[in-house]
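# Notes for the structure review
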Amino acid sequence: MYKIKFRICLKEVSALFFLWMFLSISFYSNAQTKTGILRGNITDGSSSRPLYGVSVSTDSLTYDSASYFNGQYSISLNKGSNKVFFRIPGYEGKLITGIEIKSNETHYLDIELFPDGQRQATENDSVSVTDASFQGKLISNTYAREKKNSLYNPHNRSFFIHDKIDAPAIQPGTDRNTLQLLRRLNGVSVFNNYRRGNIQSINIAGFGDRYNQLLINGTNFNSFDPVSRAFPLSLLPSEAIEHVSVQTASNGSLPADFAGGTINIQTKDIPDRNFFYVQAGAGFSDETGGKTFLGDKRSDLEFLALPGSHRDLPEEFPTTRSLSNLGQKNIQEQVYFSKLLKNNLEPIDQGSAGPDERVLIGFGKVIKKKSGVKVGIVGYLNQQRTERIDETTVQVFPDITANPFPFNGATKLIRSQSDDINYRYSSQLSGVLNAAVVSGYNKFSFKNFLGAIFDNNYTLRSNVSKPDEDT
């Protein structure tokens, strides 16, 4: 019987392994091209607002790509030295030369265009050239010089945005998730929620969590805590983020449900190239690893944040949707409903506590049609699991309302004391699935984010003493 089960598992593992190898080889072979990607943001130099519909091409007479509504652009260039034209009617155009492209790499360059006649020339100004195909002024600049200008330009951020981190500044090795990424924003502090350790509260410019809001792809993200604003920031992997920004001033494009600031997170929708990868990580704590871990009955899918049906309340049990809750029932009814509850809270020895684990699967596909239509799909699946054992000494102090300071000498200052061992099991599952279609100057995006958290805490209390009762 055990041999049959082992063979079945081995076949399943082998099938998954060969499927993963096939996908990896196919994506790897597709990715080995002699082209690279140049991408970035195009803004109005006079207002720092994104420019939509800017023509981005390698030749002054052709059209290769255009900037989206948010000012972002992306163009595929051949390996080696390239030049790119940025043009839009009513603005001074730009010709960027000396763009060295490496195969299968993405290069970033932000462009700033000024309306005709509004840019003030300086002694360090770039060279003005003429182009018969472009009705207007064309400014020529090198890639290195334009890159330097974009980094040190005081107008490279909108008036409304206090700080921003774009994709090229995101480091997946250190910025593993949104939690670590937000801590890099100026004026933003992130704190673990004191009631639940796996959700966090955001403090912006000194304002507490209730004065701030979190947007994902422009949509309000609901709080996971009923009495405060707290969010599971570790659910969203940094690999799926296009940029993250903090805004402390209001404008008409944002919900006005904040006084401190707004965190806006944008996820990727069109990849630069096809990719598929699997990342796995593990962690170990000497305070937990190898020790006996206690907890109640587990389901087979708890590591995927799915609690299982054995934790469901009986169908007859009163809930918040019932006409009356359990506290409003009489004694006989309360006893009856209490007996319906499953007696599955007895602690079970789960064996030795295992290491922390994290698995991330990333997938991206871009399809370019001959008609110029581009379709992109991006997906991420993130799974995490941790086990923690904490030993604490808990002391409960007396009611100082009935016995204010200075305390009555006959009253004990400690009502009770105990030694607690807390066994905490936590698992998280999140997924991102985005798709976009680009046709000419139009872009249609569909973005989805799903997250689930499962927490299970068991406390073993011993050495309980009550000085006011003990002799």
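What you see is a predicted model; the values in this text were computed from it and never measured.

## Here's the deal with unusual backbone geometry
Within the chain, A205 stands out as a residue other than glycine whose phi angle is a positive 55°. The topology assignment puts A205 in the loop between β13 (200-204) and β14 (212-216). The exposure class assigned to A205 is exposed, which follows from its relative accessible area of 52%. Notably, N463 is not glycine yet its phi reads approximately 55°, a positive angle.

## A few points about the environment of S462
By the element assignment, S462 lies in strand β24 (residues 442-465). Looking at S462, the relative accessible area reads 34%, which means it is partly exposed. Each C-alpha atom, one on S462 and one on D420, is 6.4 Å from the other, the two residues being 42 residues apart in sequence. With residues near it in sequence (within four places) discarded, S462 still touches S418 and D419.

## Some thoughts on the packing of aromatic side chains
The tally for this structure, following the rule as stated, stands at 12 aromatic pairs. Ring geometry for F207 against Y211: centres 5.9 Å apart, planes inclined by 70°, an arrangement best described as edge-to-face. Looking at F207, the relative accessible area reads 35%, which means it is partly exposed. Looking at Y211, the relative accessible area reads 32%, which means it is partly exposed. Each residue in the set F221, F224, F231 and F449 is aromatic and connected to the rest through ring pairs, giving one cluster.

## Digging into the sheet that holds β24
Here five strands make up an open sheet; going across it, the order is β18-β21-β22-β23-β24 and the pairing antiparallel. Because the sheet does not close on itself, it has two edges, and the strands there are β18 (275-283) and β24. Taking the axes of each pair of neighbouring strands and ignoring which way they run, one obtains an average angle of 10° across the sheet. Pairing analysis gives 22 bridges linking strand β23 (residues 416-439) to β24, with the strands arranged antiparallel.

## Focus: empty space enclosed by the protein
Summed over all chains, the structure comprises three cavities of 30 Å³ or more. Here the largest cavity defines a volume of roughly 60 Å³. Contributing to the lining of the largest cavity are T178, L214, I216, F221, P232, L233, L235, L236, I265 and F449. Split into classes, the residues belonging to the lining of the largest cavity amount to nine nonpolar, one polar and no charged.

## Here we look at the layout of surface pockets
By volume, the second largest pocket is sized at about 730 Å³. Together, 26 residues line the second largest pocket, and R176, D356, Q384, T386 and R388 are the ones closest to its centre. For the lining of the second largest pocket, the secondary-structure elements that each account for two or more residues are α3 (178-182), β18, β21 (356-368), β22 (374-396) and β23. Classifying every residue of the lining of the second largest pocket gives three nonpolar, 15 polar and eight charged.

Rules and cut-offs
Residue numbering note: each chain is counted from 1, following its sequence as written. Owing to the predicted nature of the model, reporting of local features is limited to residues with pLDDT of at least 70; listing and counting of side-chain atom pairs is limited to 80 or more, with chain, interface and lining totals taken over all residues. Side-chain numbers come from the whole structure's heavy atoms, not from hydrogens or water. The way it works is that DSSP assigns letters per residue, a run of H or I at least four long becomes a helix, a run of E at least two long becomes a strand, and they are numbered from the N terminus. Throughout this description, buried means an accessible area under 20% of the type-specific maximum (1.4 Å probe, protein chains only), exposed means over 50%, and partly exposed covers the range between. The contact criterion used is simple: two residues touch if any of their non-hydrogen atoms lie within 4.5 Å. Each Phe, Tyr or Trp ring, with Trp reduced to its six-membered ring, pairs with another whose centre is within 6.5 Å; inter-plane angles below 30 degrees give stacked pairs, above 60 give edge-to-face pairs, and intermediate values give tilted ones. One requirement defines pairing of two strands: DSSP has to find at least two bridges between them. Here the axes come from fitting lines to C-alpha atoms, over the contacting stretch only for helices, and the angles between their N-to-C directions go from 0 to 180 degrees. Buriedness of a pocket was judged along seven lines, with at least five required to meet protein on both sides within 12 Å; pockets are open sets of points on a 1 Å grid over the protein atoms alone, cavities are sets where a 1.4 Å probe fits but cannot get out, and lining residues have an atom within 4 Å of a point. Grid points are joined across faces, edges and corners, and a volume is the space filled by probe spheres set on the points. When residues are grouped by polarity, Ala, Val, Leu, Ile, Met, Phe, Trp, Tyr, Cys and Pro land in nonpolar, Asp, Glu, Lys and Arg in charged, and all others, Gly among them, in polar.

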